[in-house]
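Here's the letter readout for the chains.
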Amino acid sequence: MSSQQPYSFFQSVEKSFDKAAKLTKFDPGILEQIKACNSVYQMRFPVKRDNGTIEVIEAYRVQHSQHKSPCKGGIRFSEEVNQDEVMALASLMTYKCAIVNVPFGGGKGGIKINPRNYSVYELEKITRRYTSELVKKNFIGPGIDVPAPDYGTGEREMAWIVDTYASLKPGEIDAAGCVTGKPVTQGGVRGRKEATGLGVFFGIREVCNMQDVMAKLGLSTGIEGKRVVVQGLGNVGYHSAKFFREAGAKVIGLAEYEGAIMNPDGLNEEEVFQHRKKTGSILNFPGATNLAKNSDALEMECDILIPAALENVINGENAPRVKAKIIGEAANGPCTPEADEVFIQKGILCVPDMYLNAGGVTVSYFEWLKNLSHVRYGRMEKRFTENQNSIILGQIEGLTGKKVTEKERGLIMHGPDEVDLVHSGLEETMITATREIMEIWKNNPDIPDMRTAAYVSAINKVATSYSELGIFP
Ligand code: NAD
């Protein structure tokens, strides 16, 4: 809990939950059960550093809910990791999965290290040891708990996890499904890497296509021409910026750890990324203006603000200075409950994290299904669809006496690749979830904001599942 924060992260999730729970009619006992973290595993293990010293590592895995199996949620490597944070993130995962209709319970893991302070060899040892600790306590497995990447981790760490798990569980045919976010060569699915950023884009695009919502905000419908600011140029921030820019929005501000830059004519995230790689900083990007502090980007005049770095970055202190009309919570927990109150008063629409950044877990679900089915998406139908399309096109051309261009032929004939199916499944998921939440909000005038509507959607689904399961014994 920081000095300006009256609540811990987990308490702020509980507070948002309670606000929504009051608007539902479920048994208070069921609501208490949903809110609680079912299992918290705190561990310590030693690791030998490259210089020969031994360091004790603190790590966690939290399983918030088992109303559906397996539990699902990322693993974060950060110096800020603590039990409260992991519990909060695990509970958000339960609600997130329910909202986007992904049949998992919520989980989350964390290792309290700054990965920048460790060599690749040391990181591999830490990741593998963490995995074997999870195996020992039955806290990982395709039907138990399935981790994924989060802040500070990526494909590389997931490959180490699946390799460690498979070596400790010889003969387990579904071992590849013990973790998602793996490299494609290790059982990963195409489209996973960009999934969270693309989901953020699909969710905000759907909101921007709602005429009544845009009219209230004084904005035109559609993404084209919207001014966007993104905080964090990591996996989620980079891909969010990319998809907004490609759809015709202008990314006028970008913030990173070391500072922030702005350009009213728009920034290209890939060029900024390359500049940062070359110079070690986002600052002094050609044609852009440096901002005094990285947090200044959050207060820029813009239409859409995408915080895609860490939690609690918009709080009671700086929320009154936020000028964006829409906030798209790409990160987990970037806005505090105090900030939410300010947004309600100022008429700012905050599109909440627990559904907006569900692209990662949605595509993780597709990856897990692929691992369990042992077949690549599109393998069975791609060729068949292309042959059918060829026959249909041939018939149309024969009947009309006209020929389509080569480019049109390519588009019409194309059978779905894995990435096409994954993107399409994600688009469908995000559009459906956005509409379900907006419907709940519109139909209940007591719901003050979209976060509460999203919580109500989650509570409806999880409570129904608990009620139907019955309480044992
Ligand atoms: P990442 O490590 O790839 O990127 C985070 C970036 O934020 C880094 O580049 C870091 O330097 C930057 N950053 C840190 N502090 C900052 C600050 N004060 N100002 C500006 N930039 C700062 O992590 P990620 O995977 O992109 O995750 C980002 C957020 O999105 C986290 O909250 C995570 O929980 C959430 N999230 C990630 C996924 C996923 O699939 N990766 C899915 C759902 C939610």
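About the thresholds
- Residues numbered from 1 in each chain as written.
- Predicted model: local features only at pLDDT ≥ 70, side-chain atom pairs only at ≥ 80, totals over all residues.
- Heavy atoms only, no water.
- Helix = DSSP H or I, 4+ residues; strand = E, 2+ residues; numbered from the N terminus.
- Rg over C-alpha atoms; globule rule 2.2 N^0.38 Å.
- Buried < 20%, exposed > 50% of the residue type's maximum accessible area, 1.4 Å probe, protein only.
- Areas by Shrake-Rupley, 256 points an atom, 1.4 Å probe, with all protein chains shown as cover.
- Lys, Arg positive; Asp, Glu negative; His and termini not counted.
- Charge placed at Lys NZ, Arg CZ, Asp CG, Glu CD.
- Contact = heavy atoms within 4.5 Å.
- Near = heavy atom within 4 Å.
- Polar contact = N/O pair within 3.5 Å; in protein donor to acceptor, adjacent residues only side chain to side chain.
- Nonpolar A, V, L, I, M, F, W, Y, C, P; charged D, E, K, R; others polar.
- Domains from an automatic or database assignment.
- Pairing = 2+ DSSP bridges.
- Axes fitted to C-alpha atoms, helices over the stretch in contact; angles between N-to-C directions.
- Core = buried A, V, L, I, M, F, W, Y, C linked by side-chain atoms within 4.5 Å.
- Right-handed = clockwise from strand over helix to strand, strands pointing away.
- Phe/Tyr/Trp six-rings, centres within 6.5 Å; stacked < 30°, edge-to-face > 60°.
- Buried area = accessible area lost by both parts, 1.4 Å probe.
- Parallel < 35°, antiparallel > 145°, perpendicular 65-115°, else oblique.
- Left-handed = near helix turned anticlockwise from the far one by under 90°.

Moving on, we get to the overall build of the protein. Within the protein one finds 16 helices and twelve strands. In terms of overall dimensions, the protein is globule-like: its C-alpha atoms have a radius of gyration of 23 Å, near the 23 Å expected for 473 residues. Based on the C-alpha atoms only, the size of the protein along its principal axes is roughly 75 × 55 × 55 Å. Taken over 473 residues, the protein has a buried fraction of 55%. Surface exposure of the protein reaches about 20,400 Å², of which carbon and sulfur atoms provide 53%. Averaging the coordinates of the 55 positive side-chain charges in the protein and doing the same for the 59 negative ones gives two points 2 Å apart.

With respect to the element layout, Met 43 can be found in strand S1 (residues 39–48). Measuring from C-alpha to C-alpha, the distance between Met 43 and Arg 61 comes to 8.5 Å, with 18 residues separating the pair along the chain. In this structure, Met 43 is in contact with Ile 57, Glu 58, Ala 59, Tyr 60, Arg 61, Tyr 130, Glu 133 and Leu 134, ignoring residues within four places of it in sequence.

Turning next to unusual backbone geometry. For the peptide bond that leads from Ser 69 to Pro 70, omega is 0 degrees, which places it in the cis range. Notably, Asn 138 is not glycine yet its phi reads approximately 60 degrees, a positive angle. Tracing the backbone through its elements, the reader meets Asn 138 in the loop between helix H4 (120–136) and strand S5 (145–149). Owing to a relative accessible area of 45%, Asn 138 belongs among the partly exposed residues under this scheme. At Asn 312, a residue that is not glycine, the phi angle is positive and equals roughly 60 degrees. Here Asn 312 shows up in the loop between strand S10 (304–307) and strand S11 (326–328).

Let's shift gears to the site of the ligand. Around the ligand, the surrounding shell holds 22 residues, and the nearest of these are Arg 76, Asp 150, Thr 196, Glu 256 and Asn 332. Asp 150 places a polar side-chain atom, nitrogen or oxygen, 2.7 Å from an oxygen atom of the ligand. Gln 231 is positioned with one of its side-chain polar atoms (N or O) 3.5 Å from a nitrogen atom of the ligand. Here the ligand has 840 Å² of accessible area as a free molecule, and 88% of this is covered by the chains. For the shell around the ligand, the secondary-structure elements that each account for two or more residues are helix H8 (235–246) and strand S7 (250–256). Class assignment for the residues of the shell around the ligand results in eight nonpolar, nine polar and five charged. Split by domain, the shell around the ligand shows at least three residues from each of two domains, domain 1 (40–186) and domain 2 (195–356).

Reading across the sheet, the five strands line up as S1-S2-S4-S3-S5 and stay open at both edges, with mixed pairing between neighbours. Each edge of the open sheet carries a strand with a single partner, namely S1 and S5. Put simply, the sheet's adjacent strands are angled 20 degrees from each other on average, direction ignored. As paired elements, strand S3 (residues 71–77) and strand S4 (residues 105–111) share five bridges and run parallel to each other. Bridged to Ile 75 within S4 is Gly 109.

With that out of the way, let us pick up the nonpolar core. Ile 204, Phe 244 and Tyr 355 are the most contacted members of the largest nonpolar core, which has 93 residues in total. Among the elements that take part in this core, helix H3 (residues 83–99) stands out by supplying eleven residues, more than any other. The residue makeup of this core includes at least three contributed by each of domain 1 (40–186) and domain 2 (195–356). Residues within four places of Ile 204 in sequence aside, it is in contact with Ile 223, Phe 244, Ile 304, Ile 326, Gly 328, Val 351 and Leu 356. Core analysis: the next-biggest nonpolar cluster, separate from the first, contains 26 residues, Met 43, Tyr 118, Leu 134 and Tyr 165 among them.

Once that is clear, we can look at the pairing of S3. Of all seven residues that make up S3, seven are buried, and the element is covered over most of its length. In this fold, S3 hands off to H3, which returns the chain to S4; that crossover is right-handed. When S3 meets S5, the two strands line up parallel, connected through five bridges. Residue pairing for S5: Gly 73 is matched across the bridge by Pro 147.

Turning our eyes to something else, we now look at the packing of aromatic side chains. Under the criterion given, the structure shown has eleven aromatic pairs. Plain terms: the ring middles of Phe 201 and Phe 244 are 5.4 Å apart, the flat faces sit at 85 degrees to each other, and that makes the pair edge-to-face. Taken together, the residues span a long stretch of sequence, with Phe 201 in helix H6 (residues 195–208) and Phe 244 in helix H8 at a distance of 43 residues. Residues Phe 201 and Phe 244 agree in their burial class; the two are buried.

What follows covers the domain arrangement of the protein. Here the protein is partitioned into domain 1 (40–186) and domain 2 (195–356). A straight line from the C-alpha centre of domain 1 to that of domain 2 covers 28 Å. Each side of the interface is counted separately: domain 1 has twelve residues, and domain 2 has eight residues. Interface area lost by domain 1 to domain 2 is led by Leu 92, Lys 96 and Tyr 151, which between them contribute 42%. Linking domain 1 with domain 2 are two residue pairs in polar contact (both at pLDDT 80 or more), by the criterion used here. With six residues, H3 is the largest single contributor of residues to the side of domain 1 that touches domain 2. Its residues placed into classes, the side of domain 1 that touches domain 2 shows six nonpolar, no polar and six charged.

Packing of H6 against helix H12 (residues 359–373) brings their axes to within 7 Å, and their N-to-C directions diverge by 120 degrees. Here H12 runs oblique to H6, going by the angle between their axes. Both H6 and H12 take part in a crossing whose hand is right-handed. Here H6 contributes Ala 195, Thr 196 and Gly 199 to the contact with H12, which in turn contributes Gly 359, Gly 360 and Val 363.

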